[in-house]
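Observations on the three-dimensional arrangement
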Amino acid sequence: MAVTIEDLYRNYGLLADASKDNISQHKDAYQVILNGVKGGPKEKRLAAQFIPKFFSSFPEMADAAINAQLDLCEDEDVSIRRQAIKELPRFATGENILRVADILTQLLQTDDTAEFNQVNAALVSIFKIDARGTLGGLFSQILQGEDIVRERAIKFLSGKLKTLPEDVMTKEVEDYVFAETKKVLEDVTGEEFVLLMRLVSGLRVLQTVNGRQQLVELVVEQAFLEQALNPADPDTVDRLLQCTRQALPLFSKNVHSTRFVTYFCEHVLPNLSTLTSPVAELDIQLEVLKLLAEMSPFCGDMDKLEPNLNMLFTKLLEFMPLPPEEVENGENSANEEPKLQFSYVECLLFSFHQLGKKLPDFLIDKVDAEQLKDFKIRLQYFARGLQVYIRQLRVALQGKTGDALKTEENKIKVVALKITNNINVLIKDLFHNPPSFKSTVTLSWKPVQKTEAVAPKRPSGEEMGSSGSTKKQISPQSRRDARQIYNPPSGKYSATIGNFNYGEEHSVAFSFSGHFYKHCCEGYNVLFCFFLL
């Protein structure tokens, strides 16, 4: 015989009126309430509320009660499901916490927005009851559950754990998160890798030198730095870029980037021109050079410093052309005018300058006289071009402040001026006898907190970004969070890695013959010309 509304209210009243000592004698009444899940919509809604209310009074009926509530969580009526899910945290006591967490994790697969939010709220609620037990249920589904459940459970952890207070996320809990995350990282997609690294990077227990070193070790394992690079495989290239970008904010004077810098010098730079981009519109060569430049200040002692410096030197020569030969009338042939790749050169010069500090006699003792002469000719030619464009850019920006500097065209000019000033400073260092490696510059793509203003007077080198010592920088994490994220196809690392944070492209190339430069910034491409007077 089906349970009616009247049956539910009558047995509810019986249990509500019973004393704490005598309520356990009314199992039959509680069973009637459990049977309410087999009734109509009204009976189910009442059962969803009544079952958890008296759950703790009948421990021997715990399995039956949880199963009954779970039936309601899977009901066809979304309003019944939401009511049942809302009450699930009341079952999260003692040994039941793991099961409740497991159930809620599976329920994350819902496509109903309100229901999904209800599941999230319930998970956060039981976290505050027993964080370790809740994590056990979540990681169980991440490791063994369906793909959609795994994906959403990882996203939940990545987004919600950082919002929980310290009394919930204790050291023991954080240690457990790190241990379980390492298990998950044995087989992840690219998007999962990014989310999991975001998760563990935010753990307080890892905010020490030793903790950050452990995180770098995790990334090294994913990057496969012990294997040779296949430049023709976009998935392999993508994985390396992604791992490098995740490791970058972890590097410091105490946590070195040596293994990554060494790998880039030994395996990436020799294949720079043949790298296959995982994204059609991405300038893969510039992206690689930017990553190398950002890592180079944190490089420690290298076993093969001289060969790696030599590789950087060789690549630098490729992007720093010789002056064009003059034709009979003393003018340069327009067809022979080289294009000056300022963005590439900024990265290579910066990396060479950083590693050169470790072997300051490299250009004197390790490069033969003819090579050094050739290099200085290239530097001199490049420097002449720099001076022309620096003057033109300063004139174009002179007197512009505030909103005037926020136009797309002027943003481009400001970045171009940073690039050219940076190269100018580094070239001056290399022209010293012996070469000097003392100057400091801020890489052009590193943002500042406010738009730079250009005074009516001719600005100094420091004002225009030639020196990084006087600029206040925002944190690397803020920069990365502000960048747009590209999402290539997902898959296991053995197949395809996804969701690499490529960031904004800054590519400035000048040609003396056309007097034009191209600049790609913040996801858009802009072309315009400078006509030199």
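Refer to the structure above for everything that follows.
First things first, this report covers the structure right here in the doc. From a predicted model like this one, the values you see are computed outputs, not experimental measurements.

Below, the discussion takes up the nonpolar core. Ranked by internal contacts, the top residues of the largest apolar core, which has 157 residues, are Y30, I51, L104 and L157. No other element matches helix α19 (residues 369-397), which puts eleven residues into this core. Setting aside anything within four residues of it in sequence, one finds L104 in contact with I85, L88, V119, A122, L123 and I126.

If you trace the backbone, L309 turns up in helix α16 (residues 305-319). Remark: the alpha-carbon pair of L309 and L363, spanning 54 residues in sequence, is separated by 9.8 Å. Other than its neighbours up to four places away in sequence, L309 contacts F352, L355, G356, L359 and F362.

Counted by the stated rule, this structure contains zero disulfides. Sulfur of C265: no disulfide; nearest cysteine sulfur belongs to C299 and is 7.6 Å away. The exposure class assigned to C265 is buried, which follows from its relative accessible area of 2%.

What follows covers helix α11 (residues 190-201). In a regular helix each residue adds 1.5 Å, so twelve residues correspond to 16 Å; α11 covers 16 Å between its end C-alpha atoms and thus fits that length. With nine of twelve residues buried, α11 lies mostly within the body of the structure. Listing the buried residues of α11 in full gives G190, E192, F193, V194, L195, L196, M197, L199 and V200. Those residues of α11 that are buried are in contact with α9 (147-160), α10 (171-184), α12 (209-223) and α13 (234-247).

In this section: the side chain of S436. Examined against the element boundaries, S436 turns out to sit in the loop between α20 (408-431) and α21 (476-482). Looking at S436, its side chain comes within polar contact range of the main-chain nitrogen of K438, at 3.4 Å.

What counts as what
- Residues numbered from 1 in each chain as written.
- Predicted model: local features only at pLDDT ≥ 70, side-chain atom pairs only at ≥ 80, totals over all residues.
- Heavy atoms only, no water.
- Core = buried A, V, L, I, M, F, W, Y, C linked by side-chain atoms within 4.5 Å.
- Buried < 20%, exposed > 50% of the residue type's maximum accessible area, 1.4 Å probe, protein only.
- Helix = DSSP H or I, 4+ residues; strand = E, 2+ residues; numbered from the N terminus.
- Contact = heavy atoms within 4.5 Å.
- Disulfide = S-S within 2.5 Å.
- Expected span 1.5 Å × (residues − 1).
- Polar contact = N/O pair within 3.5 Å; in protein donor to acceptor, adjacent residues only side chain to side chain.

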